[in-house]
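Chain residues, written in single-letter form:
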Amino acid sequence: MADTLPYGSWPSPITPESVARSSPRIDGALFVGDEVWWAESVPAEAGRVAVKRRRADGAVETVLPAPANARSAVHEYGGGAWTASDDGELFYVEKADQRVYALRPGGEARALTPADDTVRHGGLRFEHGTLLAVRETHESDRVPARAIVRISLDGAVDVLAEGSDFVAQPALSPDARSLAWVAWNHPDMPWDATTLRVTEIGTGEVREIADTPRRAPLQPVWLGDDELLYADDPDGRWNLFRRPLDGEPQPVSPVDADTGGGLWVLGTRWFGATDDGRIVAVRTDGADEIVEIAPSGVRPVDVPVVAGAAIDDVRGHRVLVSGSDAGGRSGLWAVDLDAGTVDLVTGGSGAWGDEWMPTARALETEGPHGPVHAFAYAPTNPDVAAPENERPPYVVLVHGGPTSHVGPAPSAKTAFFTSRGIGVLDVNYGGSTGYGRDYRDRLKGQWGVVDVDDVAAAASALAEAGLADRERLAIAGGSAGGWTVLAAVTNTDVFSAGISRYGVGDARALAEDTHDFEARYLDGLIGPLPEAEAVYVERSPLSHPERFRVPLLILQGSEDRVVPPSQAEAIRDALAAHEIPHAYVLYEGEGHGFRRAETVVDSLRRELGFLGAVFGFETPGIPPLELS
């Protein structure tokens with residue numbers, strides 16, 4: 001018989017340490033001969049990214065050993081920091097110096113690009129015997145210059161494409177004569193407006209393949225020497241198109257879902273093509289689905305991925321798919337389309353039984369600006385029940401971006417809370433991807449308004465339905481999500497506590513201090529400067545310190561270049577000046593997002609201790625957090 005204990009105080013086997021050790025974070029995968037190679041973060045090794053391989057006999061080995069770290073800093077968010085040749089040579093970007101290196105398993109790494117602290121590399125692709133990369137050059141007092149380069153194995157570097165503020169997703173034609181890529185310019189972001197370009201490498205002649213205002217083509221894939229497959233959104237949803245270079249684009253099985261998303265990192269891929277012309281693609285409408293598109297029709301591929309899905313590689317009739325399943329387990333699966341088999345390569349299992357993992361409940365509520373989508377995770381513990389008349393506290397999670405998306409897959413952190421009797425509500429507020437252009441464009445000019453109204457509406461609807469305690473609603477988020485946390489606690493009375501991880505408190509300061517990739521992002525989210533300066537000031541939570549009224553936990557990385565520590569310190573000082581209970585923690589060596597195991601452990605302990613302190617429940621094994 002289950003024990004009866006108040007919500008929030010349930011004992012749980014899901015410890016901060018086990019969360020830090022939970023399913024790997026996959027960072028790309030490839031077929032290399034008869035092996036599968038992939039990269040994953042290693043929290044126990046300061047979050048470094050290692051490359052591993054599964055040999056034909058099933059043995060797993062590390063290809064890129066410590067202390068090497070495959071991390072790109074292009075656009076600050078990086079991506080595409082490694083690739084490999086068909087015969088098993090690894091190419092990777094070393095985090096420490098951003099140079100490209102080559103490494104044979106068991107051998108010594110050798111640098112392919114010269115030492116230059118002004119240059120970064122990312123978006124690596126090895127195609128048809130050619131190593132391609134996105135190169136970003138930082139010179140003092142100048143906007144970074146970006147180009148797609150060809151890196152020969154003797155170290156020579158040739159520029160193949162340039163001439164725009166940003167370039168991404170290079171693809172080489174099978175005959176190695178043509179290069180396709182995605183380009184865009186300030187003030188647009190890559191989900192606002194991009195251009196798909198093709199150049200003949202011998203002549204340098206550039207053609208615009210897809211260049212229509214307010215559309216965002218993504219990820220060119222060559223189907224032959226003169227035909228491309230790519231995603232585009234002329235009707236508001238990213239769907240697939242085939243385009244002969246001398247012809248017109250033709251839609252490929254359009255549907256009311258997205259094959260595409262926010263191009264935050266350079267290695268992201270949503271589809272691929274088999275040798276016989278079939279296409280395997282991610283389709284997102286709230287949740288992710290993997291489908292095979294063939295002349296005979298469309299069929300689902302039996303991979304248990306519902307969130308964060310990527311088509312990492314397609315070779316012959318084999319496909320590599322990564323993502324998270326409905327139980328929140330992240331992993332990498334190898335699919336044989338012809339045999340119909342699905343093989344788990346890595347991950348896909350948790351340290352706890354299914355009975356400890358909450359089930360996502362899709363919610364849609366009507367907010368002031370239209371429908372709001374969210375996933376609710378109720379408190380879940382097989383050994384404990386709550387008192388009959390008690391309603392649970394909830395943490396409302398606000399994803400970053402803000403142009404990002406969460407799917408119906410509970411993270412280990414979500415289970416950490418729900419197993420203790422604290423519900424979690426994950427909100428895809430207006431501006432999120434996964435629901436079409438109209439939904440993500442809802443945030444245009446309205447950041448700090450629509451996102452706040454939407455999370456408040458979703459939380460209020462949960463309480464009105466009797467599923468949450470209205471007096472014990474906390475809100476938590478990082479980066480842009482931290483902005484929404486701070487704006488929500490200063491502009492609404494819905495939330496009784498807030499947790500901001502490297503959040504934005506001053507939009508004007510962010511526009512001045514942030515990196516080039518997002519330097520004009522706020523033009524669309526708030527308005528161009530200096531014309532909209534009054535709006536920046538009015539929207540910023542730090543402009544209204546007198547409105548801070550509820551306890552706050554502020555967590556920050558010391559090396560964050562996206563949202564510098566000065567923002568968190570200004571929030572801390574405002575809370576102290578107005579005598580609002582708070583705690584501020586600065587994690588040395590962490591950047592924009594926490595990767596080190598010790599940081600994950602400490603931050604989870606502090607978040608739970610904070611909730612216990614402000615909501616008045618005991619947290620077994622973790623003391624209440626002392627607030628200033």
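Up top is the structure.
Rules and cut-offs
- Residues numbered from 1 in each chain as written.
- Predicted model: local features only at pLDDT ≥ 70, side-chain atom pairs only at ≥ 80, totals over all residues.
- Heavy atoms only, no water.
- Helix = DSSP H or I, 4+ residues; strand = E, 2+ residues; numbered from the N terminus.
- Expected span 1.5 Å × (residues − 1).
- Buried < 20%, exposed > 50% of the residue type's maximum accessible area, 1.4 Å probe, protein only.
- Axes fitted to C-alpha atoms, helices over the stretch in contact; angles between N-to-C directions.
- Parallel < 35°, antiparallel > 145°, perpendicular 65-115°, else oblique.
- Contact = heavy atoms within 4.5 Å.
- Nonpolar A, V, L, I, M, F, W, Y, C, P; charged D, E, K, R; others polar.
- Salt bridge = Lys/Arg side-chain N within 4 Å of Asp/Glu carboxyl O.
- Pairing = 2+ DSSP bridges.

Next up on the list: helix α10 (residues 597-615). Relative to the 27 Å expected for 19 residues at 1.5 Å per residue, α10 spans 27 Å between its end C-alpha atoms, a close match to the ideal helical length. Those residues of α10 not exposed but buried are A597, T599, V601, S603, L604, E607, L608, G609, F610, L611, G612 and F615. Residue G616 follows α10 closely and has a positive phi angle near 80°.

What follows deals with the packing of helix α4 (residues 450-464) against helix α5 (residues 480-491). Viewed as axis vectors pointing N to C, α4 and α5 meet at an angle of 75°, and their least axial separation amounts to 9 Å. By the criterion of interaxial angle, the relationship of α4 to α5 is roughly perpendicular. Here D451, V452 and V455 of α4 lie close against α5, whose contacting residues are W483, T484, A487 and A488. Of the residues that constitute the contact of α4 with α5, the class distribution is 5 nonpolar, 1 polar and 1 charged.

With that settled, consider the pattern of salt bridges. Within this structure, the stated rule accounts for 46 salt bridges. Close ionic contact of E208 with R197 constitutes a salt bridge, the shortest N to O distance being 3.2 Å. Here the residue E208 occupies a position in strand β17 (residues 206-210), and R197 occupies one in strand β16 (residues 195-200), the gap between them amounting to 11 residues. Using a relative accessible area of 13% as the deciding quantity, one classes R197 as buried. A network of salt bridges, in which partner residues are shared, links E76, R120, E136, R146 and D516.

Overall, antiparallel pairing links the 4 strands, which are arranged β2-β3-β4-β5 in an open sheet. Two strands close off the open sheet at either side, each with one partner strand: β2 (26-32) and β5 (60-62). Averaged over all neighbouring strand pairs, the angle between strand axes comes to 25°, with direction disregarded. Two elements, strand β3 (residues 35-42) and strand β4 (residues 48-54), share 7 bridges in a ladder whose sense is antiparallel. Each bridged residue has a counterpart across the sheet, and for A39 the counterpart in β4 is V51.

By themselves, these are just geometric observations and shouldn't be taken as functional.
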